[in-house]
Amino acid sequence: MHSSSFQSQFTLSHNETHIHTHTGQKCLAMQVKIQPSLRMGTILLLFLVTSEEACAEGFIKSVTLIIQPRNEVQRSTNVSLKCQAEVSKTAGSHLNYKYKFYKDDLSLSTNQTNPTDSLYSIPDARVSHSGKYKCVVFIEKQNKTSSVEDLTVKGLLAPVLTVDKLRLTEGDGVTAVCTAEGETGVLMFFFRDGPKELSRMKTTSHKDEQKFTLDKGTVNMFCYYSINLDSTIERSSNSNVIKIDIEELGITPDITVMPSTIVTEGDNITFSCSVKMTPQRHSELKIMISHGSTTLSSNMTHEDYTMKFAKANDSGEYECISRLGSVHKSSSLNITVKEIFSIPFLSRDPAEVFEGEHFTIGCHISNISSRIQTEDIKYSIFRDETFVINDNRYSGTAGKATNGKYVCKAEANRITKESSVLLLGAKVLVSKPEITVDGPVIVDKPFWIRCHSENGSLPINYTLKRKNSILNSTKVSHFQEEARFLALISTPSDIRSYLCEAENNGQVSIKMSERLHATVIVPVGKPLLTVLPVPENIEEGNNVTLICGVAKGSPPIRFRFYGSNHTAIHTTTVESNSSSFVLSTVKRKNSGNYYCEAFNMADMSSRSDIVKVEVSLAMWKKALIAVFCMLLVALLVLFIVMRYKAKRVEVHNKESVWSERPRDEADQYSLQSPNEGDVDYTEVVHPQTVDPTQIPLRKGTETVYSELQTSQGAPENINHQSLLEYADLNRDLPEPVD
């Protein structure tokens, strides 16, 4: 456990002992109950000893790196790096310290174990010691790193240049040494001759040695070095300058030519190269002659070089080169070789020739030297490197046998020249064209007609004709092109009126195609929807046939039937111009609007008019309803009749006394109560024992009425008066008393 102070406090009581251990910022509380016995005392003693050893570690609070005398110093200063660690530890503890130093994250070979601090010395510091330094302190299993400190050492020592020779001959070597005494690190040395760099070399040594072979003249040599410090480069000042004189080596060759620098083709030319020098070194000398990049001879030291039968293309610069060791010298001159005759060339007549036509190939020379006559030139013509004729003219009939690469060779005065290649390829007359269509042909819609000849040299002129009338023309000049024409027909028979004409060599090469044959698609006309039976005679349970037909249209035709709510109920494709669909055992719910659509490959749809279908009740249902209604009427009539008869019987069976009402009064009542036609008034005499003395006397005649309610639904023309029976109530009664 890490700690900065350690304190133990014991609190003992009769029954227990409490031990508290405080450690710096962290406190460990330990409580141990001790019974008053020897065994428990021994355990407590061992525990205290173990705890004290466990808490004897130290805690690293901080690590500091100090650069002395300062962070930026001059070259040759003694620099020391001091690493200090602040550690909290228990009293009397002995800790193991280890220090490690780093420069630019690279470990330095140090491993010091001082108890408080560590020192890393850099005596006689150099620029290479500049960098970023840090140190790390290790104590037991813990470590801590200081912050990074920059050390900058200023000032590079000026180098010293030395050479082993100050005067030398061209080709001799000189050894130069550039020394930066005392400098360390990775150094880059540079050797220069004024602005010209002679060499550069990177090394970990404080000096660099180079060997140079210098050109003639004077060289002012100096050197300097640089060191790379992470992101910057430090450069030293220039060294001393040494002047070196290089004497030229006299090995420049002399070149001569015989007979002259200007010759004619067929002449021989002799070249001679020589060098004047001491015999002692002459054996080491090498001389060669070259023309452009071609070496003609490498043994010019002992013999001349002769070029036989010079040609015009041998004209140009010739160079003699002498070499001794690493030094070489050269001399040159120009040679002109005149043509004895110019390079032949081929011609062809006519310029373009078709198979079967006559042609002539001629070999010509434009210029001839005065040394020879025209008759001295011999001509030969070759085809595909095979001899054809010893002449400057060749005639033949164009065809596959005469096609090839022609070359003419001309020879005079042992000089042979060859013409460039003339390619003869007889053109092929155009073959009979084929006329076809691209894509479907639909009446009243534009479509493409294609004309093509299988054989024939390009360009080919194609012409589209209709009934011997020219519609359009086009020229095909490349193999990837094709002749296409836009056309339109109004009837299927119009397709056979188109023809195609091709030619590639005027009127004599015209070829005519056959008439155009192609499948013509006629768009469907407006469909007609027929319903069987007729919509007005459709009853439940019938089978209804929907027939959709078109007057025109190329098969196959797709028909689609629609029912109510624009729902497709059937789709079919047929090869005829009509199709049908059967609705089996229709019901009232099948009533609605029906129509159909027709399609074909013209991708144009057409819709019929809407036909309204109404499904009525079946005949047996209608008959059943009629019988039921008739029975209902019959029952109603029977009921009324029986009711009427019952009322008449009831009236006749009763004893009634009716008083007659004056006619005018009755009529008046009838007029006053027009809305009470459903109430009848009848005099009814109820049989009973009559006490004559109790019967009130009436004056005159009086009528007694009672209400009789007629049954509902009785005919309105019933005579209510016929429902009243008159009874003379006064016939057996005494007269009333006044």
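As shown above, the structure is provided for reference.
Residues numbered from 1 in each chain as written. Predicted model: local features only at pLDDT ≥ 70, side-chain atom pairs only at ≥ 80, totals over all residues. Heavy atoms only, no water.

Draft legend 1. Representation of unusual backbone geometry in the model. Cis geometry is adopted by the peptide bond preceding Pro350, which originates at Asp349 and carries an omega value of 0 degrees. Topologically, Pro350 is positioned in the loop between strand E30 (345-349) and strand E31 (358-364). The peptide bond linking Leu532 to Pro533 adopts the cis configuration, its omega dihedral lying at -5 degrees. Summarising the element assignment, Pro533 is placed in the loop between strand E47 (528-532) and strand E48 (544-549). Positive phi values are uncommon outside glycine, yet Asp105 reaches one of about 65 degrees. As for its placement among the helices and strands, Asp105 is situated in the loop between strand E7 (97-103) and strand E8 (106-107). Judged by relative accessible area, Asp105 falls into the exposed class, the value being 61%. For Asp444, which is not glycine, the phi torsion reads 65 degrees and is therefore positive. Residue class for Asp444 comes out exposed when judged on its relative accessible area of 54%. (Helix = DSSP H or I, 4+ residues; strand = E, 2+ residues; numbered from the N terminus. Buried < 20%, exposed > 50% of the residue type's maximum accessible area, 1.4 Å probe, protein only.)

Draft legend 2. Structural detail: the pattern of salt bridges. One pass over the structure, following the stated rule, counts 25 salt bridges. A salt bridge links Lys417 to Glu265, with the nearest nitrogen and oxygen atoms 2.8 Å apart. Within this pair, whereas Lys417 is found in strand E36 (residues 415-418), its partner Glu265 is found in the loop between strand E23 (262-264) and strand E24 (269-274), the two being separated by 152 residues in sequence. Each member of the pair Lys417 and Glu265 is classed as buried. Within the structure, one salt-bridge network assembled from shared partners comprises Glu170, Lys216, Glu248 and Lys329. (Salt bridge = Lys/Arg side-chain N within 4 Å of Asp/Glu carboxyl O.)

Draft legend 3. Region of interest: the side chain of Lys465. Note on placement: Lys465 falls in strand E41 (residues 460-466). On the accessibility criterion, Lys465 (16% relative accessible area) is buried. Here Glu501 takes part through its side chain, which lies 3.0 Å from a polar atom of the side chain of Lys465. The residues touching Lys465, leaving out its near neighbours within four places in the chain, are Ile470, Leu471, Ser497, Tyr498, Leu499, Glu501 and Met512. (Polar contact = N/O pair within 3.5 Å; in protein donor to acceptor, adjacent residues only side chain to side chain. Contact = heavy atoms within 4.5 Å.)

Draft legend 4. View of the state of the cysteines. Under the definition given, this model contains six disulfides. With its sulfur 2.1 Å from that of its partner, Cys178 forms a disulfide with Cys223. Across the S-S bond linking Cys178 and Cys223, the dihedral sits near 80 degrees, which makes this disulfide right-handed. Of the two residues, Cys178 sits in strand E15 (residues 173-179) while Cys223 sits in strand E19 (residues 217-229), which places them 45 residues apart along the sequence. Side by side, Cys178 and Cys223 carry an identical accessibility label, which is buried. (Disulfide = S-S within 2.5 Å.)

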